[in-house]
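Below are the chains, spelled out letter by letter.
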Amino acid sequence: GAALATTTPVAVLTGTVLPALALGLTAAAVPVSLWRAGNRRVSETARRQWPALLEELRVRTGAMGRPIPQALLEVGLDGPPELRPTFRSAQREWVLSTDFGRTARVLKDRLADAAADATLETLLVIHEVGGDVDRRLTSLAEDRRQDAPAWAGERERDSPRAPHKEAHRPGGNTTEQPRPPPQ
């Protein structure tokens, strides 16, 4: 009798509850993985598109006479489809607050990328300082073009699926880095 009383709860737990719990945890992880993959795609698209977006921003601020915040939102909303939801969120903030710093914060939070942070901080300074906006935007677009390979290399190094590379130690010694476990 006592052996049956202790085996029954264990059998019930291992027979139904644990598999259901494992299945539930796995199912809960899938949306998080998909969300992270979507965010990575948006960040990578933004990183690749900054030079073109900045050139278009330059045209809209110069030839069309738009202020930087308005031109940036127009460029983003007309830009790649992956970026439009992010720029729609920023546009909502702009309409509510007309505060370019808060609007840039929404973009930085949604893009979650160092290149976007640097670009948006620079745009904030250009907006506040003014002066030769055309020259500054041209320079910023050129900087993003030159930085693109470095940002791509940083992303590749940070990726768990990055190709195997050798580490160079001071003194000329080359050692192999351990490969990350397959996922």
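Right above here is the structure, for reference.
Residues numbered from 1 in each chain as written. Predicted model: local features only at pLDDT ≥ 70, side-chain atom pairs only at ≥ 80, totals over all residues. Heavy atoms only, no water.

### Quick look at helix α4 (residues 100–111)
Just so we agree on the cut-off: Helix and strand definitions here come from DSSP, where helices need a minimum of 4 consecutive H or I residues and strands a minimum of 2 consecutive E residues; each element is numbered from the N-terminal end. A helix is expected to span 1.5 Å for every residue after the first.
The terminal C-alpha atoms of α4, which comprises twelve residues, lie 16 Å apart, in line with the 16 Å expected from a rise of 1.5 Å per residue. Two residues or fewer after α4 comes Ala112, characterised by a positive phi angle close to 45 degrees.

### As for the environment of Arg136
Rules: We call two residues contacting when some pair of their heavy atoms lies within 4.5 Å.
Inspection of the secondary structure assignment puts Arg136 in helix α6 (residues 133–158). As a C-alpha pair, Arg136 and Arg58 span 78 residues in sequence and 8.9 Å in three-dimensional space. The residues touching Arg136, leaving out its near neighbours within four places in the chain, are Ile126, Val129, Gly130 and Gly131.

### Let's talk about the pattern of salt bridges
Rules: For salt bridges, the criterion is a side-chain nitrogen of Lys or Arg within 4 Å of an Asp or Glu carboxyl oxygen. The rule is simple: take the accessible area with a 1.4 Å probe, protein chains only, and divide by the maximum for that residue type; under 20% is buried, over 50% is exposed, in between is partly exposed.
Taken as a whole, this structure holds twelve salt bridges when the rule is applied. Residue Arg58 is joined to Asp134 by a salt bridge in which the shortest nitrogen-to-oxygen separation is 3.0 Å. Of this pair, Arg58 sits in helix α1 (residues 2–62) while Asp134 is found in helix α6, placing the two residues 76 residues apart along the sequence. What makes Arg58 partly exposed here is its relative accessible area of 22%. Across the salt bridge formed by Arg60 and Asp78, the nearest N and O atoms sit 2.9 Å from each other. Placement of the pair is Arg60 in helix α1 and Asp78 in helix α2 (residues 68–78), with a sequence separation of 18 residues.

### Re the nonpolar core
We count it as follows: Only buried Ala, Val, Leu, Ile, Met, Phe, Trp, Tyr and Cys residues count toward a nonpolar core, and they belong to the same one when joined by side-chain atoms within 4.5 Å.
In terms of nonpolar packing, the biggest core is built from 25 residues, with Trp50, Leu54, Leu57, Leu72, Leu120 and Leu123 touching the most fellow members. Elements with a contribution of two residues or more to this core: α1, α2, α3 (84–97), α4, α5 (114–129) and α6.

### Points about the packing of α3 against α4
Condition: Only the contacting stretch of a helix is used when fitting its axis, a line to C-alpha atoms as for every element, and angles between N-to-C directions run 0 to 180 degrees. Throughout this description, any angle smaller than 35 degrees is read as roughly parallel, any larger than 145 degrees as roughly antiparallel, any in the 65 to 115 degree range as roughly perpendicular, and the remainder as oblique. The crossing is said to be left-handed when, going from far helix to near helix, the turn is anticlockwise and less than a right angle, and right-handed when the turn is clockwise. Ten residues, namely Ala, Val, Leu, Ile, Met, Phe, Trp, Tyr, Cys and Pro, are considered nonpolar, four, namely Asp, Glu, Lys and Arg, are considered charged, and the remaining ones, Gly among them, are considered polar.
Between α3 and α4, the shortest axis-to-axis distance is 8 Å and the interhelical angle comes to 160 degrees. Relative to α4, α3 is oriented roughly antiparallel. Crossing handedness for the pair α3 and α4: right-handed. Where α3 abuts α4, its residues Pro85, Thr86, Phe87, Ser89, Ala90, Glu93, Trp94 and Ser97 lie against Phe100, Arg102, Thr103, Val106, Leu107, Arg110 and Leu111. In the contact of α3 with α4, the residues fall into eight nonpolar, four polar and three charged.

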